[in-house]
Amino acid sequence: MPNDTLSKHLFHWDKQPLPWEMRLRIAYHVAQALDHCSVENRKIYHDLNAYRILFDEDGDPHLSSFGLMKNSRDGKSYSTNLAYTPPEFLRTGRVIPESVIYSYGTILLDLLSGKHIPPSHALDLIRGKNSLFLMDSSLEGQYASDDATKLVELASKCLQFEARERPDIKFLLTAVAPLQHQKEVSSHVLMGLTKTTAVLPTMLSPLGKACARMDLTAVHDILLKTGYKDEEGAENELSFQEWTQQVQDILNTKKFGDIAFRDKDFKNAIEYYSKLVAMMSVPSATVYARRAFSYLINDQAELALRDAMQAQVCIPDWPTAFYLQALALSKLGMETDAQDMLNDGAAFEAKRPISWRG
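These numbers were taken from a predicted model, which means no experiment stands behind them.

*Asks:* Tell me about the overall build of the protein, and please be specific about residues and values.
*Replies:* Summing up its helical and strand segments, the protein has 17 helices and two strands in all. Sequence separation of at least 24 residues holds for 65% of the intrachain contacts in the protein that already meet a minimum separation of 6. Total accessible area on the protein stands at roughly 18,100 Å², and carbon and sulfur atoms take up 53% of it.

*Asks:* How would you summarise the packing of aromatic side chains if you had to cite specific residues and measurements?
*Replies:* In the structure shown here, the tally under the stated rule is seven aromatic pairs. Every member of this aromatic cluster is reached through a ring pair, and the members are F261, F266, Y273 and F293. One residue, K254, lies across the ring of Y228, its end atom 4.1 Å from the ring centre.

*Asks:* Can you tell me about the nonpolar core, naming the residues and giving the values?
*Replies:* Of all hydrophobic cores here, the largest spans 50 residues; its most connected members are L6, I26, L34 and Y104. Broken down by secondary-structure element, the contributors of at least two residues to this core are α1 (6–11), α2 (20–39), β1 (53–55), α4 (97–113), α5 (119–127), α6 (145–158) and α7 (169–176). Per-element tally for this core: the top contributor is α4, with nine residues. If sequence neighbours within four positions are ignored, I26 has contacts with L6, L18, I53, F55, P61 and L111.

*Asks:* Give a description of the side chain of E349 that names residues and reports values.
*Replies:* By the element assignment, E349 lies in helix α17 (residues 335–350). For E349, a relative accessible area of 8% corresponds to the buried category. Separated by 3.2 Å, the side chains of E349 and S205 make a polar contact.

*Asks:* Account for unusual backbone geometry, with residues named and values stated.
*Replies:* Phi is positive for K129, which is not a glycine, with a value near 55 degrees. Within the fold, K129 resides in the loop between α5 and α6. In this structure, E140 is a non-glycine residue whose phi angle is positive, near 55 degrees.

*Asks:* Tell me what's going on with the confidence of the model for the protein, and back it up with residues and numbers.
*Replies:* Residue-level pLDDT values for the protein average 83, and 86% of them are 70 or greater. Low confidence marks residues 234–243, where pLDDT is under 50. Its contacts with residues over four positions away, or in another chain, come to nine contacts.

*Asks:* Which residues make up the pattern of salt bridges, and what values go with them?
*Replies:* Under the counting rule described, the total for this entry stands at 12 salt bridges. In this structure, D124 and R127 form a salt bridge, with 3.3 Å as the shortest nitrogen-oxygen distance. Separated by three residues within a single helix, D124 and R127 lie in helix α5, roughly one turn from each other. Taking relative accessible area as the criterion, R127 reaches 60% and is therefore assigned exposed. Three or more residues joined by partner-sharing salt bridges are found here, namely K254, D258 and R290.

*Asks:* Which residues make up α6, and what values do they have?
*Replies:* With 14 residues, α6 extends 20 Å from end C-alpha to end C-alpha; this agrees with the ideal 20 Å at 1.5 Å per step. Where α6 is concerned, the buried positions are D147, A148, L151, V152, L154, A155, S156 and C158. Each element contacted by the buried residues of α6 is listed here: α2, α4, α5 and α7.

*Asks:* Help me get a handle on α4, residues and values and all.
*Replies:* For the α-helix, the turn length of 3.6 residues means that residues three or four positions removed from each other point alike. Helix length check: α4, at 17 residues, gives a terminal C-alpha distance of 25 Å against a target of 24 Å (1.5 Å per residue), a fit within 8%. Summarising burial for α4: 15 of the 17 residues are buried, a large majority. Remark: G114 follows α4 within two positions and exhibits a positive phi of approximately 70 degrees.

*Asks:* If you had to explain the environment of R213 to someone new, which residues and values would you point to?
*Replies:* Within the secondary structure, R213 is located in the loop between α9 (206–212) and α10 (216–226). Residue R213 is classed as exposed on the basis of its relative accessible area, which comes to 53%.

*Asks:* Mind laying out the environment of K15, listing which residues take part and the relevant values?
*Replies:* Inspection of the secondary structure assignment puts K15 in the loop between α1 and α2. Considering only alpha carbons, one finds K15 and G192, 177 residues apart in sequence, at a separation of 9.0 Å.

*Asks:* Let's hear about the packing of helix α15 (residues 301–314) against helix α16 (residues 319–331): which residues, and what values?
*Replies:* Close contact between α15 and α16 brings their axes to 8 Å; oriented N to C, the two are set at 160 degrees. In terms of their interaxial angle, α15 and α16 are classed as roughly antiparallel. Of the two elements, α15 crosses α16, and the hand of that crossing is left-handed. Contacts between α15 and α16 pair A301, A304, L305, A308, M309, A311 and Q312 from the former with A321, F322, L324, Q325, A328, L329 and K331 from the latter.

What counts and what doesn't
Residues take numbers from 1 onward in each chain, read along the sequence in its written order. Totals for whole chains, interfaces and linings use all residues, but because this is a predicted model, local features are given only for residues with pLDDT of at least 70 and pairs of side-chain atoms are given and counted only at 80 or more. Hydrogens and water are ignored here; the side-chain numbers use all heavy atoms of the structure. Helical segments are the DSSP runs of H or I of at least four residues, strand segments are the runs of E of at least two, and each set is numbered from the N terminus. By definition in these notes, contact holds between two residues if any of their heavy atoms fall within 4.5 Å. Areas reported as accessible are Shrake-Rupley estimates using a 1.4 Å probe. Residue values count occlusion only from the protein chains shown. Two rings from Phe, Tyr or Trp (for Trp, the six-membered ring) form a pair when their centres sit within 6.5 Å of each other. Planes less than 30 degrees apart are called stacked, planes more than 60 degrees apart edge-to-face, and all others tilted. Two thresholds decide whether a charge sits over a ring: the Lys NZ or Arg CZ must be within 6 Å of the ring centre and within 35 degrees of the ring normal. What makes a nonpolar core is a set of buried Ala, Val, Leu, Ile, Met, Phe, Trp, Tyr and Cys residues whose side-chain atoms join them at distances within 4.5 Å. Accessible area is worked out with a 1.4 Å probe on protein chains only. A residue is then buried under 20% of its type maximum, exposed over 50%, and partly exposed in between. Two N or O atoms count as a polar contact when they lie within 3.5 Å, although within protein this holds only if one can serve as hydrogen donor and the other as acceptor, and sequence-adjacent residues are included solely when both atoms are side-chain atoms. Within a predicted model, pLDDT stands for the predictor's per-residue confidence, ranging from 0 to 100. Whenever Lys or Arg places a side-chain nitrogen within 4 Å of a carboxyl oxygen from Asp or Glu, that contact is recorded as a salt bridge. A helix is expected to reach a length of 1.5 Å times the quantity of its residues less one. An axis is simply a line fitted to the C-alpha atoms; with a helix, the fit covers only the stretch in contact. Between two such axes, the angle follows the N-to-C directions and lies from 0 to 180 degrees. The cut-offs work like this: below 35 degrees is roughly parallel, past 145 is roughly antiparallel, 65 to 115 is roughly perpendicular, and the gaps in between are oblique. Helix crossings are classified by the rotation of the near helix relative to the far one: an anticlockwise turn of less than a right angle makes the crossing left-handed, while a clockwise turn makes it right-handed.

Written out as structure tokens, the structure reads:
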């Protein structure tokens, strides 16, 4: 992400403090991101803090995936800064879903104050009806006092000592959504950032061109025609072990997924490919690409983007993965990012032998 972290803009700013309206937008975007993680059954986000929130080319905030890393799934990973650590972690050494709510409360304190305030001290101020002392003086009173009061109250709820007394993520969304008063103003404008526009590449493959013009019919035809050509070798590995029932199940699942994809039965394609992803020890870039396209058809652009990124992990220099990311980003309204992905895809395309270009 090119525009640094929340920590940089909130604690170490040079030209101007982070505007109040942008702080409210960040609170909302982070709540949205946590809600999405919860829906995806990733209810534990580890060590949520101002360094985990990043800004893209448009100045829009995003939640880093570091808090979802596999080596933190056991619920034992957390910051060594004890002042900001959920109480239950100090007692048991484990993180629970309610710990994420506590950490969100510390983010609200950061947004309110523009500095690191230990939750215990903040709660003392709130109980003593001295919450005005929480507010960032660099804002010079340029904020709506009613909105500030609501954000202080929400932070107080999130920072309750007993985990069961904290609100859930849906409550967070409901509480911060009405505080968004300048939705029509772009984030980069609010933050005073200069936005640069990427230039579309002049040379694109047929797939790149189809993704650039968002021609889903053409994209589907090209993916079908290409098949699994870019993964030659994977099929031979499966064939070598074909006598085992497990591998036979994998082959059958792949076959049904491919048939559904060919017949434009994209809901079943998602179902079969999802089973296949769970079954295969070596992930398939093509399966991720096909499921990504199926998600796009079903208006699930965020899931499509995730799968296109997974396809890139499988084959880092695969143009198809970049082009599908561009398509998903366009669907999400992130045109600058989409153009960057088209550029990257075209660059990798140019390095490939002529016989491999679609």
